[in-house]
Amino acid sequence: MNNELIGVQLLKSFMGVSPWMVVKAFMIVGLILYMVFALVIVKQVGIMTESVEADANGVVKLLAWAHLLMTIGVIVLLILI
Amino acid sequence: MPEVYKSSGGGQPAPKTNQVQEPVAEQAPQAQSAEMTPAQEARHIIDDVLRKTGEHKRQAMAGAYIVKPEKRFVNEQEDEEVVLLLRAHPITNIKWIMTAVLMLILPGVLEVTGAFAMVPGNLFFAGKLMWYLVTLGFAFEKFLNWYYSVFIITNERMVDIDFVNLLYRVVSYANLNHIEEPTMAVGGILRSMFRYGDVHVSTAAEKSTLEALAVPYPDKVVNIISQLSEELEKRRERGE
């Protein structure tokens, strides 16, 4: 009985939520997971540049950090809009 | 030079001693090599081998074929010098480059067709940014795997550094005096046209083969490996 009431209440509360809000929430979750990938890239670039000395090492490190920062930027933007 | 490129074991410069070399008639042909330091001797051998194979210090195929790159790599020994640094031929990247270009133009195409007409503008904008970010991540990861998966030939050994994916790295070493005859394989229109192919070097160890896949000028690579191996063999016979 109690469970049914909670279910109905939840349903009612979700009824007022725009479907675009749900899409937005999924996008934020997706981007947070993507941020983990961006962090792995930063870490991996460190290992790669240690393995071989190359001309592009500096640019590659910069790109990896820029990619991570851009990911964080898009998450913030998505939360704000 | 960054510390990380220095070998932890071996490779220490020989301590200076005050030994006096007695002039011996039989040692006359080796007098030049006896006077040279190991690094100088290595350079001398490399120059000799490159001259024999018709090569010189150069960089070709967008950095996929570099002769005498003067770059260091992980666990390199002090008296070791890189002769060749190889990557897969740049043409092998065409597949992911095309995919990335398609990914880049896809949002524009969908916008023109009106497929996302009912999506709120700000959400569509954020979605587009997210898509471009994923495209950048995809292209960057592919580039990293290509750029840092290298096959290095030094005057002492061969080093194969493979990044299978972002979390998996394989580094294989083989001494040049422990290798069997290297082989090459070139087949197909694209490979013949752009002059790239696979180089396989089997070592004396069981089931151990080093592979340089889709590298430019495989014939020259095999030639250089053979010549260097031969030089090492000669040195060993001379007891150097």
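Residues numbered from 1 in each chain as written. Chains lettered and ligands numbered in written order. Predicted model: local features only at pLDDT ≥ 70, side-chain atom pairs only at ≥ 80, totals over all residues.

By the naming in an unreviewed UniProt entry, chain B goes by DUF304 domain-containing protein and is assigned to Candidatus Amesbacteria bacterium RIFCSPLOWO2_01_FULL_47_33.

(A) Representation of the packing of helix 3 (residues 94-113) of chain B against helix 4 (residues 121-148) of chain B in the model. Residues and elements named next belong to chain B. Viewed as axis vectors pointing N to C, helix 3 and helix 4 meet at an angle of 175°, and their least axial separation amounts to 10 Å. Classified by the angle between their axes, helix 3 and helix 4 sit roughly antiparallel to one another. Here W96, A100, M103, L104 and P107 of helix 3 come into contact with helix 4, specifically with K128, W131, T135, F138, A139 and K142. Tallied by class, residues from the contact of helix 3 with helix 4 come to eight nonpolar, one polar and two charged. (Axes fitted to C-alpha atoms, helices over the stretch in contact; angles between N-to-C directions. Helix = DSSP H or I, 4+ residues; strand = E, 2+ residues; numbered from the N terminus. Parallel < 35°, antiparallel > 145°, perpendicular 65-115°, else oblique. Contact = placed C-beta atoms within 7 Å. Nonpolar A, V, L, I, M, F, W, Y, C, P; charged D, E, K, R; others polar.)

(B) Quick look at the interface of chain A and chain B. Counting residues at the interface gives 27 residues for chain A, matched by 26 residues for chain B. For the side of chain A that touches chain B, the elements supplying multiple residues, two or more each, are helix 2 (19-51) and helix 3 (57-80) of chain A. A class-by-class count of the residues in the side of chain A that touches chain B yields 20 nonpolar, four polar and three charged.

(C) Spatial organisation of the pairing of strand 3 (residues 82-86) of chain B. Residue and element names in this part refer to chain B. Of all five residues making up strand 3, five are buried, and the element is well covered by its neighbours. By the bridge criterion, three bridges tie strand 2 (residues 65-67) to strand 3 in an arrangement that is antiparallel. Paired with I66 across the strands is L85, a residue of strand 3. Examined bridge by bridge, strand 3 and strand 4 (residues 150-154) share four bridges and lie antiparallel to one another. Its bridge partner being in strand 4, V82 is matched across the sheet by T154. (Buried ≥ 20, exposed ≤ 12 C-beta atoms within 10 Å, placed from the backbone. Pairing = 2+ DSSP bridges.)

(D) Up close: the sheet that holds strand 2 of chain B. All names here are of chain B. Strand order in the open sheet formed by six strands is 1-2-3-4-5-6, and the pairing between neighbours is antiparallel. Each having just a single partner strand, strand 1 (58-60) and strand 6 (168-175) make up the two edges of the open sheet. For this sheet the average axis-to-axis angle between neighbouring strands, irrespective of direction, equals 10°. Bridge analysis of strand 4 against strand 5 (residues 157-165) gives four bridges, and the strand direction is antiparallel. Note that in strand 5 the partner of F151 across the bridge is D160. Strands in contact with helix 6 (residues 218-237) are strand 3 and strand 4; relative to strand 3, the strand with the most contacts, it is inclined by about 155°.

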